[in-house]
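Observations on chain architecture
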Amino acid sequence: MATTEATSARVDSWLWAVRVFKSRSQATAAVKAGHVRVNGERAKPATNVKVGDRVVVRGGPAERILVVEKVIVKRVSATLAAQAVVDQSPPPPPRELTVRVAVRDRGAGRPTKRERRDLDRLRGRG
């Protein structure tokens, strides 16, 4: 496994190798968009990460806080990838605290005035 370990690696390559993103191009795009911070600083794709660095990835339903345990450059199995990172992300909020979303049946058409008022009341706008 000496070929997959290094002392430092590009942040986009490392995020792809530890399976945070499905492809390296997705990881690079997220870093360029400003969704990734390394030790509190906004990262560029070529920013190097080393053991002990704190990587914060915004996007999706919640923010992920990752600590680099092992630097890997190539994509490895899921068990080895899990050993290379410590996930310190906070747990998701309880289901009771999440916002309820009104769902209409497909093909039900446009809501009537009464249904729209009920939706607005449900969303807290009325």
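Residues numbered from 1 in each chain as written. Predicted model: local features only at pLDDT ≥ 70, side-chain atom pairs only at ≥ 80, totals over all residues. Heavy atoms only, no water.

Description of the UniProt feature "domain: RNA-binding S4" (unreviewed entry) in the protein chain
Our working rule: UniProt positions are given in the numbering used here, feature names are shortened, and annotations may be inferred rather than shown by experiment. A run of H or I in DSSP counts as a helix once it spans at least four residues, and a run of E counts as a strand once it spans at least two, with each numbered from the N terminus.
The sites that carry the UniProt feature "domain: RNA-binding S4" (unreviewed entry) are, in the present numbering, residues 9-70. Annotation note: span residues 9-70, helix share 26%, strand share 29%, distance between end C-alpha atoms 10 Å.

Overview of the sheet that holds strand β2 (residues 36-38)
Backbone-to-backbone hydrogen bonds pair the strands of a sheet. The strands run either parallel or antiparallel. Heads up, the condition is: Should DSSP find at least two bridges between two strands, the strands are taken to pair.
Here 5 strands make up an open sheet; going across it, the order is β3-β2-β5-β6-β7 and the pairing antiparallel. Two strands close off the open sheet at either side, each with one partner strand: β3 (41-42) and β7 (85-87). The sheet contact formed by strand β5 (residues 54-57) and strand β6 (residues 64-68) spans 4 bridges and is antiparallel. Residue V55 lies in a different strand from β6, and its bridge partner there is L66.

Some words on helix α2 (residues 24-32)
Using the following cut-off: A simple rule labels every residue: compare its accessible area, found with a 1.4 Å probe on the protein chains alone, to the largest value its type can have, and call it buried under 20%, exposed over 50%, or partly exposed in between. This arc is built from the directions going out from the helix axis to the C-beta atoms. Any two residues whose heavy atoms approach within 4.5 Å are treated as being in contact.
Burial in α2 covers these residues: A27, T28, A30 and V31. An end-on view of α2 places all buried positions within 160° of arc, on one side of the element. Exposed residues pointing more than 90 degrees away from the buried face of α2 are listed as S25 and K32. Contacts from the buried residues of α2 go to α1 (11-17) and β2.

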